[in-house]
Every structure is written in structure tokens, then in C-alpha cells.
Amino acid sequence: MSKLIFEESAEGRVGFSLPDCDVPARADLIPERFLRKTPAELPECGEVDVLRHFVGLSAKNHGVLSGFYPLGSCTMKYNPAVNEEVARFGGFAGSHPLEDSGDVQGNLRLMFALQNMLSEIAGMDAFTLQPAAGAHGELTGLMIIKAYHERRGDFRRTKILIPDSAHGTNPASASMAGFEAVEIKSDADGNVDLDGLRAQLDENLAGLMLTNPSTLGLFETNIRTIAALVHGAGGLLYYDGANLNAILGVARPGDMGFDVMHLNLHKTFSTPHGGGGPGAGPVGVKKDLAAFLPKPVVVRDSAGQYGLDSDRPDSVGKVRSFYGNFGIMLRAYAFILSMGAEGLKSVSENAVLNANYLMRGLGAYMKIAYDRTCMHEFVASGGSQKERGVSTLDIAKRMLDFGVHPPTVYFPLIVPEAMMFEPTESESKQTLDAFLEIMRGILREAEENPELLKTAPHNTVVGRLDEVKAARKPVLKR
Ligand SMILES: *Cc1c(COP(=O)(O)O)cnc(C)c1O
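So, a few notes on the structure that sits alongside this text.

About the cut-offs
- Residues numbered from 1 in each chain as written.
- Predicted model: local features only at pLDDT ≥ 70, side-chain atom pairs only at ≥ 80, totals over all residues.
- Heavy atoms only, no water.
- Helix = DSSP H or I, 4+ residues; strand = E, 2+ residues; numbered from the N terminus.
- Rg over C-alpha atoms; globule rule 2.2 N^0.38 Å.
- Buried < 20%, exposed > 50% of the residue type's maximum accessible area, 1.4 Å probe, protein only.
- Contact = heavy atoms within 4.5 Å.
- Lys, Arg positive; Asp, Glu negative; His and termini not counted.
- Charge placed at Lys NZ, Arg CZ, Asp CG, Glu CD.
- Near = heavy atom within 4 Å.
- Polar contact = N/O pair within 3.5 Å; in protein donor to acceptor, adjacent residues only side chain to side chain.
- Areas by Shrake-Rupley, 256 points an atom, 1.4 Å probe, with all protein chains shown as cover.
- Salt bridge = Lys/Arg side-chain N within 4 Å of Asp/Glu carboxyl O.
- Pairing = 2+ DSSP bridges.
- Axes fitted to C-alpha atoms, helices over the stretch in contact; angles between N-to-C directions.
- Parallel < 35°, antiparallel > 145°, perpendicular 65-115°, else oblique.
- Left-handed = near helix turned anticlockwise from the far one by under 90°.
- Nonpolar A, V, L, I, M, F, W, Y, C, P; charged D, E, K, R; others polar.
- Patch = residues over 30% accessible without salt bridge, like charges linked within 9 Å, V, L, I, M, F, W, Y side chains within 5 Å.

Within the protein one finds 16 helices and 13 strands. A compact globule built from 478 residues would reach a C-alpha radius of gyration of about 23 Å, and the protein, at 25 Å, matches this within 12%. Each principal axis of the C-alpha atoms in the protein carries an extent, and together these give about 75 × 70 × 45 Å. Looking at the 478 residues of the protein, the share that counts as buried comes to 48%. Counted over contacts in the protein with a minimum sequence separation of 6, partners at least 24 positions apart contribute 70%. Across the protein, the mean location of the 48 positive side-chain charges is 2 Å away from that of the 58 negative side-chain charges.

Have a look at this one:
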């Protein structure tokens, strides 16, 4: 049983061994008012206690390496160990963002190559690696759409259309970029309702944001029609690339008619995520929009030298300090090269196969929201369980007792008691079968002993939390 280091603290114990200081201590160099009056309340522990503390804390968490993690829309795939090895190469890990371009040619070359690979994968003409997350990429992309219309002297285009199945970051990003977010409905098959879309096509239309496949795990079968309608009305198409894991190497947003998009390297390209980052949300554009990309842009001159170009008068400006999260770019680069073109295609094929296998298996016990072949994820509904008194939240909490991270729950909003499952390509058939057995057991418990679910979890370090209170009134210190 690991204790917290504050509890282990014993006066005078230290966790370091440094040589004696051979410079005279000069407290007088620091003005009196900056000196602390009482000693800091720091735990006094040995090195081993500190390590036990942090290893103990990490074991209380659930990660991809602790168990199955089918958190829909988040693509919690395995982060290959080789990526970490590459990211630790001394030349990369030891470089500083303020170094002169001439001294970091290797880093710039890698960024340049990664931009090109992402362009090829996505069917775009240019990429920036600056944005630090998907939502940050959305904001950047929308700033680009705004700059495009304004550059043409068209200031009336203030409206961004967003389907009701979209991730919450979409309307939030649209508002932050100064647009009005307008919701359009999904039809009975989970596609964008075309009549609803047509009703919104006017001179105020700036663009449409679309996730394809959507967060329902469904491929938008009318995408070409939608692109033609939006372009015909003078708008641009934004692609939320969070779900690219479904179509990697098979289809490209650029070929579907999208003009600007983001990717989540921390989802599709196997870089770590959860716990707030760091991530990377590169933004890709078609050539007409390239002038608006954030600066500086990584470029290569005719002599093969790499550099950073800040002479970009139409650029939306800088969106992130320096050039973005370089360590994350390294990991994504390693992933792309280790998979190769065929390997990337098999990522999607296996992710889609796994999701359909799980959907069919689970369909024996639960309602599946849309009876269509799914892409990399699918949505089940706990509606009939709810009628009998057990909610989706209760089922999700019970999963924790079996060492499984629950799916995304109560999202998308248009499915009652939603559970969104995304197994990713990383999981074996054995893991999926074991999970189906767990689900079968839990759903039987829901009938026979609902109290067990309503009071779950029982085997975790902490029991059921008051999630609203935890978000509104967090206790961040002891
Ligand atoms: C994850 C996700 C986002 C936001 O990405 P972050 O990197 O978490 O900011 C946007 N849209 C969809 C569909 C997502 O799944």
C-alpha cells in the first residue's frame, strides 16, 4: 500500500545527495520583502519514497496500458514504444526552440516532411503543425475561413453550420472565432438533413463544419452533394479530423471537397493523450487558403536549406508559442514511417472491423442506435435499461470494477442514454470477446441486482464521485 509522501514525511530526511555548496551563502542579495517568513511545507522523504509515491499514483489511474479503453471519439489506441525511443534521441530532445535555423536543420527537415506526409494522407496542399490540440486546430481553421472571406471583401459571411451530432468543441470554436454557430439536424439515418442544410444557404454562410465519419460512427453518404451545395452558396467546408482513424489510407477529406481541416496527432497518429496533453492539432488547407496559414511556415529553399518564413502578409498570425509541440510531431512521424502506406490503411481496416465486431456482439444485449455498418466507432443506447431503473451512468461505473474504461457516455446528445464505443485497431479479438462477456454479465446484473450497478464502482480506489461538484467545486489541495 503506497502512502502519499506528505504522510511519509519525517523531519530531516532528504532525497538527494549533493556536494556541499562552495559559494558563500548571500541572503542579502535577495531583498528582504521577497524572503519567506516561514519554511515551506514540503514533505521530507528519501528518493525511494518519492518514486513509490508517483508510481503508486500512476497505478491508481487507468491508461491504455492498464486495460481496454473504448472511449468513443477519443481513439485511445496503443502508443508504440518505438515512438518514445525516437522522441528521446539526444539531437531532438536536447534542442532548444530558440536555436538558429542553421543549427536545427534536422528538426526543420522532419517538420517539413511531416507536413508533406499529412498533406498526402489528407489530400490537402499545405499543413501547419502549430496548433496544440484538435479544438485549437478548429479555431485556427475557422480564423483561416474568416480571413479568406474578409480578404475578398466579403464581410457578411458570419454563419457557420454545424450538425447536431458534432463534438461540443465545434460550436465553441466557431463562437471564439467570431462566427454565429447554427445547428443543422441529422436525418433518421444519421446523415445531415439536406433540406435543413438547403434552408441555410444564403449570403451569410461562411462555412460548414463536418466530422466524417460523424461522432455516430457513420460515414456521411451525401458528402459530395453537401460539398457542392456549400460551395455553390459561397461557403467553405471544414473537416473535423478527429475521426480520421476510420478512413486512413482509404479516403481523403481533400478528395471529398473539404477546404480546411485539422488532425489530432494524439488520436489517429498514436501520440499519447489524456490528462490534458500535450497534443497536436495540425491544420491542413487547399492551396487557395495556404497564404492564411499561421506563421512562421517551415520552408525549403532551392539549395535544400530549411528555414522558417515569417514574411506572410495574409497569415492569421501565430497561434502557438514557437512551432507547436515538437516532441509530439516526432512520435507521429515515427508512427507514420513505421506503419508505411499499407500499414496505415490496415490501421483503419482493423479499427473498422473491430468496431463492427463489437457492435454486432453487443447488439445481442443492447439497442444499437443506428442499424448501419459502422465505421471506427458506434453508439449504443441504454434506453430500455433506463426504463427498468438502471442508467447508462450505472452501467459505465460498473465497468470500472472489471478493469475496463467505460465508453463515452451521454454523447452524442441526439441518442438517449448514449454509449459510444471505439475499440481502435490495437485490440485483439480475445480482448473484444472478454469485454463482451463482461457486458453480458453487467446487463444480467442490471436485471437481477440493479443495486449493485447503482452503487458501483466497488473495486476502485475511490467510489462514485459527485461529478458535478468535482467540476464546479474542485478540491485542488489538501
Ligand atoms: C477529440 C475531438 C475534438 C477535439 O480535439 P482535442 O484535441 O480534444 O481538442 C473535436 N472533435 C471531435 C469529433 C473529437 O472527437
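Moving on from the model shown.
In this section: unusual backbone geometry. Peptide bonds are, in most cases, trans, and in most cases residues other than glycine have a negative phi. For the peptide bond that leads from Lys295 to Pro296, omega is 0°, which places it in the cis range. Position of Pro296 among the secondary structure elements: in the loop between β7 (283–285) and β8 (297–300). Look at Thr75: it is not a glycine, yet its phi comes out positive at around 45°. Within the secondary structure, Thr75 is located in the loop between α2 (47–59) and α3 (81–87). A residue is classified by how much of its surface remains accessible, and Thr75, at 1% relative accessible area, is buried.

For the rest of this paragraph, the subject is the site of the ligand. Close contacts around the ligand come from 14 residues, with Ser73, Gly134, Asp240, His266 and Lys267 the closest. Ser73 is positioned such that a nitrogen or oxygen atom in its side chain is 2.5 Å from an oxygen atom of the ligand. The side chain of Lys267 places a nitrogen or oxygen atom 2.8 Å from an oxygen atom of the ligand. Here the ligand loses 87% of its free accessible area of 380 Å² to cover by the protein chains.

Tallied over the entire structure, the rule returns 23 salt bridges. Across the pair Glu150 and Lys146 runs a salt bridge whose closest N-O atoms are separated by 3.7 Å. With Glu150 and Lys146 both in helix α6 (residues 134–151) and 4 residues apart, this pair spans about one turn of that helix. Taking the relative accessible area as the measure of exposure, Glu150 reaches 34% and is therefore partly exposed.

Turning next to the pairing of strand β2 (residues 159–163). Regular strands have side chains that alternate between both faces of the sheet. Of all 5 residues in β2, 5 are buried; the element is thus mostly enclosed. Burial along β2 is two-sided: the face carrying Lys159, Leu161 and Pro163 and the face carrying Ile160 and Ile162 are both buried. Bridge count for β2 against strand β3 (residues 180–184) is 5 bridges, and the pairing is parallel. Across the sheet, the residue bridging to Pro163 is Ile184, located in β3.

Direction vectors running N to C along helix α13 (residues 392–400) and helix α14 (residues 429–448) enclose 130°, while the axes themselves pass 10 Å from each other. Of the possible angle classes, the one that applies to α13 and α14 is oblique. In the crossing of α13 with α14, the sense of the turn from one axis to the other is right-handed. Where α13 approaches α14, its residues Ile395, Arg398 and Met399 are matched on the opposing element by Phe435, Met439, Ile442, Leu443 and Glu445. Looking at the contact of α13 with α14, its residues break down into 6 nonpolar, no polar and 2 charged.

This part takes up the sheet that holds strand β1 (residues 126–128). Spatial ordering of the open sheet is given by β1-β7-β6-β5-β4-β2-β3, a layout of 7 strands whose pairing is mixed. Strands at the two margins of the open sheet, each flanked by one partner only, are β1 and β3. Taking each pair of neighbouring strands and ignoring which way they run, the sheet shows an average axis angle of 25°. Where strand β6 (residues 260–263) and β7 come together, 3 bridges link them in antiparallel fashion. Of the residues in β7, the one forming a bridge with Met261 is Gly284.

Next up on the list: the sheet that holds strand β10 (residues 367–368). Reading across from one edge, β10-β11-β13-β12 is the order of the 4 strands in this open sheet, with antiparallel pairing throughout. Of all the strands in the sheet, just β10 and β12 (408–409) have a single pairing partner and so form its edges. Two strands pair when backbone bridges link them, and β12 and strand β13 (residues 418–421) are joined in this way by 2 bridges, in the antiparallel orientation. Opposite Thr408, over in β13, you have Met420 as the bridge partner. Its contacts with the sheet put α13 on β12 and β13, and the angle it makes with β13 is roughly 40°.

Turning our attention to the packing of α6 against helix α7 (residues 169–176). At a minimum axis separation of 9 Å, α6 and α7 run at an interaxial angle of 45°. Overall, the two elements α6 and α7 adopt an arrangement that is oblique. Considering only the axes of α6 and α7, their crossing is right-handed. For the pair α6 and α7, the contacting residues are Ala135, Glu138, Leu139 and Leu142 in the first and Thr169, Asn170, Ser173, Ala174 and Met176 in the second. The residue makeup of the contact of α6 with α7, split by class, is 5 nonpolar, 3 polar and 1 charged.

A separate point is a nonpolar patch on the surface. There is a patch of nonpolar side chains on the surface, built from Val14, Phe16 and Leu18 and spanning about 340 Å² of accessible area. Tracing the backbone shows Val14 in the loop between α1 (5–8) and α2. Judged by relative accessible area, which is 47%, Val14 ranks as partly exposed.

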